[in-house]
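# Structural features, examined
Spelled out, the chains give:
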Amino acid sequence: MQMYDLPDARGHFGPYGGIYVAETLMAALDELAREYEAARHDPDFQAEFHHELRHYVGRPSPIYHAKRWSELLGGAQIYLKREDLNHTGAHKINNTIGQALLARRMGKKRVIAETGAGQHGVASATVAARYGMECVVYMGAEDIKRQSPNVFRMKLLGATVVGVESGSKTLKDALNEAMRDWVTNVESTFYILGTAAGPHPYPMLVRDFQCVIGDESKVQMAEQLGRQPDAVIACVGGGSNAIGIFYPYIAVDGVRLIGVEAGGNGIASGQHAAPLSAGTPGVLHGFRSYLMQDANGQIIETHSVSAGLDYPGVGPEHSYLKDSGRAEYVSIDDDEALAAFHNLCRYEGIIPALESSHALAHAAKIAPTMSKDRILLVNLSGRGDKDINTVARISGIEL
Amino acid sequence: MSRIASTFAALKAANRKALIPFITAGDPAPDRTVPLMHALVEGGADIIELGVPFSDPMADGPTIQRASERALKHGVGLKDVLAMTGEFRKTNTSTPVVLMGYANPIEAMGWDGFCTAAKQAGVDGVLTVDYPPEESAEFAAKCAAAGLDNIYLLAPTTPEARVAAITRLARGFVYYVSLKGVTGAATLDLSEVAARVGMIRGNAGLPVGVGFGIRDAETARQVAEVADAVVIGSRIVQEIETSAPEAQLDNVRNFVAGVRAALDR
């Protein structure tokens, strides 16, 4: 494996990434890139970040052998990286702490965020409360209806939640609106972007804050099993939990990296959120990557049972890893994800997020084809308490 | 000389300032766009900025977002916008048309295909909001080769060194975004605009247009005292949005004529 040191100075991962924004934001992105570069090499910043991860988030998160489920499947052994045990219940907090510390370092007292299912919004509201910052969260009006407990959580934490009525009223529109806020309030405001996407330096800095997942995994696998997994599997929406666990493994030979996109009603139906599996490259939200788009270059609506994967683009580093062949990308449809969700509940006593259930479902699909001494490491990126209303509704149960 | 350059040269000779109204192509319906373009010219437009609808207009405020959504409901894409320009050119060969939009529709058509088709349709300039110079050198070269003027935005936050670098790449005119924010936002600090435009003019050998936040004839007149061109977008789109269908052309023509009169006063 060649040395891997992407992105380049302007945020390119091969032909992907970059900075595609209106001129008004260029100075702010330059400033952010400069500050991040300094923070990255500042031992005090890194020490505080890791102190917070340990004492506030509860890291390191364990790696757990899903023994009963593996036995049921009858093939490879499945291990789970338990990001669901983090404070706020998902990997999102790793990134929001990193960005909030950057905001504080830059003297910004106001933070904004976009959110789809509400997980990143909750993680942003949490750190804003923790560090005493004003927080505004943009959320599509449709998502607000679907995710009311998370809306209330954000409000409890002191954030202002702004409903977005434009476009499809979902995550992509919330991101547009957050960008518009940032353009307007660029001097006072730090934009906490929720995934490893957006204009440079966001894909890089979100990856760097999230790669604690993969760094820990390497150490834990060596300690617990004396070896690394045969494959690492993670769900991919924007792709931050996936890049967080993949990145430290890119240079490790013999470890397959498998990203799992949301297949919705099936790729053939066209109703999905799988740009790497069925999209084409283009420019959206400040970066170049694979996108779901029509022949006119308009972004098309996505479909997934999981709100957190319901995004028409994907982080640029995943597009690069796909083209280079270092990572493989597959899709899992709604029904397969729901089956894995129920199985993990019943066989392991863990309620997984619907997002993570896509990664679990792919593990369940390939484990039986592998021998029992093979190891699959699945990033269990979040817990599923937030999804119980969705699952109940699909099952025809009224709560 | 390009149609944009000769327009500015003629205005300068007459000691007048350029009025550049904006409408979104396909808003409120595809068959309204060419008549609206002619109405803009009748009202006194020197250059027309024609918005290319996009599903995710990140730099636009609610008014132009709604215009984009109305156009997209009719399925209006970049190809249709070029066809509308071609139709306009059948009876108007003198008023420059600048397309304003986002990168992805151009990416989907392909740079070469777009440049050829745009030139053929009679487009004069291209302003792509999310193509900063760092990411668009190759596209800008293709535009130049096809005879299309590549127009860049400059912002209140753009440092002077960067202003100099951008104006070296720019053709036709440069477009100064007169406020921090999206299109159609409320307030404009005229003294700051004057200072910035002066600095830009010191760097650019091109006319300087000012837009974002110009909502009435009087503000337009004040901006025109320091700039070479005034761009009005959201306010005109609002005129279209709030007019009864049969009154749209008259209302738009009259609004533009009012601004024209203030500029020429």
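See the structure shown above.
Below is a short write-up of the structure. Quantities reported herein were computed from a predicted structural model and do not represent experimental measurements.

## Overview of the nonpolar core
- Membership of the largest hydrophobic core comes to 89 residues, with the highest contact counts inside it found for L102, W182, Y191 and F246 of chain A.
- Apart from residues no more than four positions distant in its own chain, Y191 of chain A is found in contact with Q99, I112, A113, E114, L175, A178, M179, W182 and Y202 of chain A.
- By size, the runner-up hydrophobic cluster in this structure holds 64 residues, among which are L99, V163, V193 and V197 of chain B.

## What to know about the side chain of N92 of chain B
Residues and elements named next belong to chain B.
- By the element assignment, N92 lies in the loop between helix 4 (78–89) and strand 3 (97–101).
- Classification of N92 by relative accessible area gives buried; the value is 7%.
- Here the side chain of N92 touches T95 through a polar contact of 2.8 Å, landing on its backbone nitrogen.
- Setting aside residues up to four positions removed in sequence, N92 forms contacts with H38 and V41.

## Thoughts on the interface of chain B and chain A
- With 37 residues of chain B in contact, the opposing surface of chain A contributes 36 residues.
- Taken over both partners, the interface formed by chain B and chain A buries close to 2900 Å², and the fraction arising from carbon and sulfur atoms is 49%.
- Of all residues in chain B, the largest losses of buried area upon contact with chain A belong to D56, M58 and E135 of chain B, amounting jointly to 24% of the total for that side.
- For the interface between chain B and chain A, the tally reads four salt bridges.
- We note a salt bridge from R10 of chain A to E134 of chain B, for which the minimum N-O separation is 3.8 Å.
- At the boundary of chain B and chain A, one finds 19 residue pairs in polar contact (both at pLDDT 80 or more).

## Some words on unusual backbone geometry
- Across the junction of R59 of chain A and P60 of chain A, the peptide omega takes the value 0°, indicating a cis bond.
- The amide bond that connects D27 of chain B to the next residue, P28 of chain B, takes the cis arrangement and shows omega of 0°.
- Within the secondary structure, P28 of chain B is located in the loop between strand 1 (18–24) and helix 2 (33–43).
- The phi angle at N15 of chain B is positive, at roughly 60°, despite the residue not being glycine.
- Counting through the fold element by element, N15 of chain B comes out in the loop between helix 1 (3–13) and strand 1.
- Note on N15 of chain B: relative accessible area 71%, which makes it exposed.
- A positive phi angle is found at F212 of chain B, which is not glycine, with a value near 80°.
- Note that F212 of chain B resides in the loop between strand 8 (208–211) and helix 10 (217–226).

## Quick notes on the pairing of strand 6 (residues 134–140) of chain A
Residue and element names in this part refer to chain A.
- The element strand 6 is extensively covered by neighbouring structure, given that six of its seven residues are classed as buried.
- Looking at chain direction, strand 5 (residues 110–115) and strand 6 are connected through six bridges and run parallel. The partner of A113 across the bridge, within strand 6, is V137.
- Handedness of the β-α-β unit built from strand 5, helix 5 (residues 119–131) and strand 6 comes out right-handed.
- Of the strand pairs in this sheet, strand 6 and strand 7 (residues 160–164) are connected by five bridges, and their pairing is parallel. Across the sheet, V136 pairs through a bridge with T160, a residue of strand 7.

## Digging into the pattern of salt bridges
- The tally for this structure, following the rule as stated, stands at 47 salt bridges over all chains.
- Between R105 of chain A and E35 of chain A there is a salt bridge, with the nearest N and O atoms lying 3.4 Å from each other. Residue R105 of chain A is found in helix 4 (residues 92–105), and its partner E35 of chain A is found in helix 1 (residues 23–40); the two are separated by 70 residues along the sequence.
- We classify E35 of chain A as partly exposed; its relative accessible area is 24%.
- A salt bridge links E218 of chain B to R221 of chain B; its shortest N-O distance comes to 2.7 Å. Linking E218 of chain B with R221 of chain B, this pair stays in helix 10, spanning three residues, or about one helical turn.
- Take E218 of chain B: its relative accessible area is 34%, and that puts it in the partly exposed class.

## Concerning helix 1 of chain B
All names here are of chain B.
- Inspection of helix 1 places I4, T7, F8 and L11 among the buried residues, and these make up the whole buried set. Buried residues in helix 1, looked at end-on, bunch into an arc of 95°, giving them a common side.
- Looking at the buried positions of helix 1, the neighbouring elements they touch are strand 1, strand 3, strand 4 (125–128), strand 5 (149–150) and strand 9 (229–232).
- Where helix 1 ends, the next residue or the one after it, N15, has phi of about 60°, a positive value.

## Considering the packing of aromatic side chains
- This structure, assessed with the given rule, holds 17 aromatic pairs over all chains.
- With a centroid separation of 6.1 Å and an interplanar angle of 55°, the aromatic rings of Y4 of chain A and Y320 of chain A are classed as tilted. A residue pair is termed long-range when its members are at least 10 positions apart, and Y4 of chain A in the segment before strand 1 (12–13) and Y320 of chain A in helix 13 (residues 316–324) qualify at 316 residues.
- Given the relative accessible area of 16%, Y4 of chain A is considered buried.
- Taken together, the ring pairs connect Y20 of chain A together with W111, F114, Y131 and F139 of chain B into an aromatic cluster.
- Cation over ring: R207 of chain A sits above Y247 of chain A, and NZ or CZ is 4.0 Å from the ring centre.
- Between K322 of chain A and the ring centre of Y290 of chain A, over which it is positioned, the NZ or CZ distance is 5.4 Å.

Calculation criteria
- Residues numbered from 1 in each chain as written.
- Chains lettered and ligands numbered in written order.
- Predicted model: local features only at pLDDT ≥ 70, side-chain atom pairs only at ≥ 80, totals over all residues.
- Heavy atoms only, no water.
- Core = buried A, V, L, I, M, F, W, Y, C linked by side-chain atoms within 4.5 Å.
- Buried < 20%, exposed > 50% of the residue type's maximum accessible area, 1.4 Å probe, protein only.
- Contact = heavy atoms within 4.5 Å.
- Helix = DSSP H or I, 4+ residues; strand = E, 2+ residues; numbered from the N terminus.
- Polar contact = N/O pair within 3.5 Å; in protein donor to acceptor, adjacent residues only side chain to side chain.
- Buried area = accessible area lost by both parts, 1.4 Å probe.
- Salt bridge = Lys/Arg side-chain N within 4 Å of Asp/Glu carboxyl O.
- Pairing = 2+ DSSP bridges.
- Right-handed = clockwise from strand over helix to strand, strands pointing away.
- Arc of directions from axis to C-beta.
- Phe/Tyr/Trp six-rings, centres within 6.5 Å; stacked < 30°, edge-to-face > 60°.
- Lys NZ or Arg CZ within 6 Å of the ring centre and 35° of its normal.

Interpretation in functional terms is not warranted from these geometric data alone.
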